[in-house]
Amino acid sequence: MADKAKVALIISETSAHLGAYFPALASCEDISEVVLSDEGQKHVAEARKKLGDKLTRVYNSPAELFQKEQPDLALITLEAGKAPAAINIALDHGCPVFAEKPACTNIEDFEKLVQKADSKHLNLMLALANRNNPEVKAARRMIRKGTFGKIYGIELNFIADQTRLASKSYQSGWFAQKARGGGGHLIWLGIHWLDLGMYITDSKITDVSGFITNIGGQPLDVEDSAALSLKFDKGFLGTMTSGYYINRGKQSLIKIWGSKGWLEMDYSTGKYLQWSLYSDKPGTIHKFEESIKPRGYSPCVHAAVRSVLDKEPPTLDSHDSLQVLRTIYAAYKAAETGQTQQVRVD
């Protein structure tokens, strides 16, 4: 195994989060070089500026890139409807994939990709970057250690701004079109908190019911509001509120109750992690005092690169990625049919 990785960056004109991915790749000491596929070549100049000498070659398509290169990892950030074809090419060439979510517009496409990844012993991971945040890791460690006893319930809220939905450029983009993006707020932003609900509690969602709507009334064919009821494989229940409601910024919350206490992660107030134990003196609140950095996309990308070099385990695997997408598409079906949906758990 090489000490450093060659990474293929697969993008196009409508790629998301390039402002985060370029610095993440540039700052990663475990990357020897980046080869770029940029259909339309819109971002080549910016890539050269941000990546410098680390960017060695540029191609017009994933197929052209993989004909000439053997990267150790493909970082694919494409609109959801275009991502499966590029992921398929990477897997066909024996390359693990780190993909911007949701990476599909229907669950069947992603199921097939995971089956192919499994058959080739490759990892297909979604960019669920919040897993790497220090307070998230701390919460997961405490729950796995039994600090809060038996888990009784969980509340998940992820709220963003309604303001963006009034923008004509947003309305014409793939985030606002179900055929191109697979869905709205739930699959673009709510996905992070659904994943954390499972990751922190070390439990899978097995059943989902709920509703979706366009409460703001903007000309979109995707939801700006979702309310879900959840059942987990360890028996506890939860709720998820996912929507574009406020005028700016985000409000997000994770709260978990157990037989020995509770924890809360209230990002809207800056209380990244606090908890209370019933064995303490009443009113005692513990606070996470460690650094909340590094966080965001850079540590997530760096961890993915290190995983393909066998320097650390992957943050998530193909089936973690598949599980959260199964949950979301089951939620959409539940809302459409008015019937609770079971979520397949491998």
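A brief report on the enclosed structure follows. Computed from a predicted structure; not experimentally measured.

1. So, the side chain of Ser 37
Position of Ser 37 relative to the elements: it lies in strand E2 (residues 31–39). By relative accessible area, Ser 37 is classed as buried at 1%. In this view, Ser 37 contacts Leu 9, Ile 10, Ile 11, Tyr 59, Asn 60, Ser 61, Pro 62 and Leu 65; residues no more than four positions away in its chain are not counted.

2. Description of helix H5 (residues 107–119)
Between its first and last C-alpha, H5 extends 18 Å over 13 residues, near the 18 Å set by a 1.5 Å rise per residue. When H5 is considered as a whole, its buried residues turn out to be Ile 107, Phe 110, Glu 111, Leu 113, Val 114 and Ala 117. Along H5, the residues classed as buried sweep out an arc of 165° about the axis, all on the same side. Those residues of H5 that are exposed and aimed more than 90 degrees away from the buried face are Lys 112, Gln 115 and Ser 119.

3. A closer look at the layout of surface pockets
Put simply, the largest pocket is a space of about 450 Å³. If you go around the largest pocket, you meet 19 residues; those closest to its centre are Asn 130, Phe 158, His 192, Trp 193 and Lys 250. Those elements giving two or more residues to the lining of the largest pocket turn out to be helix H9 (185–201) and strand E11 (251–258). It is H9 that provides the largest number of residues to the lining of the largest pocket, a total of three residues. The residue inventory of the lining of the largest pocket, partitioned by class, reads seven nonpolar, eight polar and four charged. By volume, the second largest pocket amounts to about 330 Å³. Lining the second largest pocket are 17 residues, with Ile 107, Tyr 329, Ala 330, Tyr 332 and Lys 333 sitting closest to its centre. Secondary structure elements with two or more residues in the lining of the second largest pocket: H5 and helix H11 (318–337). In terms of residues, the lining of the second largest pocket owes the most to one element, H11, which gives six residues. For the lining of the second largest pocket, the per-class residue count stands at seven nonpolar, two polar and eight charged.

Conventions we followed
Residues numbered from 1 in each chain as written. Predicted model: local features only at pLDDT ≥ 70, side-chain atom pairs only at ≥ 80, totals over all residues. Heavy atoms only, no water. Helix = DSSP H or I, 4+ residues; strand = E, 2+ residues; numbered from the N terminus. Buried < 20%, exposed > 50% of the residue type's maximum accessible area, 1.4 Å probe, protein only. Contact = heavy atoms within 4.5 Å. Expected span 1.5 Å × (residues − 1). Arc of directions from axis to C-beta. 1 Å grid on protein atoms, 1.4 Å probe; cavity = no way out; pocket = protein on both sides within 12 Å on 5 of 7 lines; lining within 4 Å. Points joined across faces, edges and corners; volume = space filled by probe spheres on them. Nonpolar A, V, L, I, M, F, W, Y, C, P; charged D, E, K, R; others polar.

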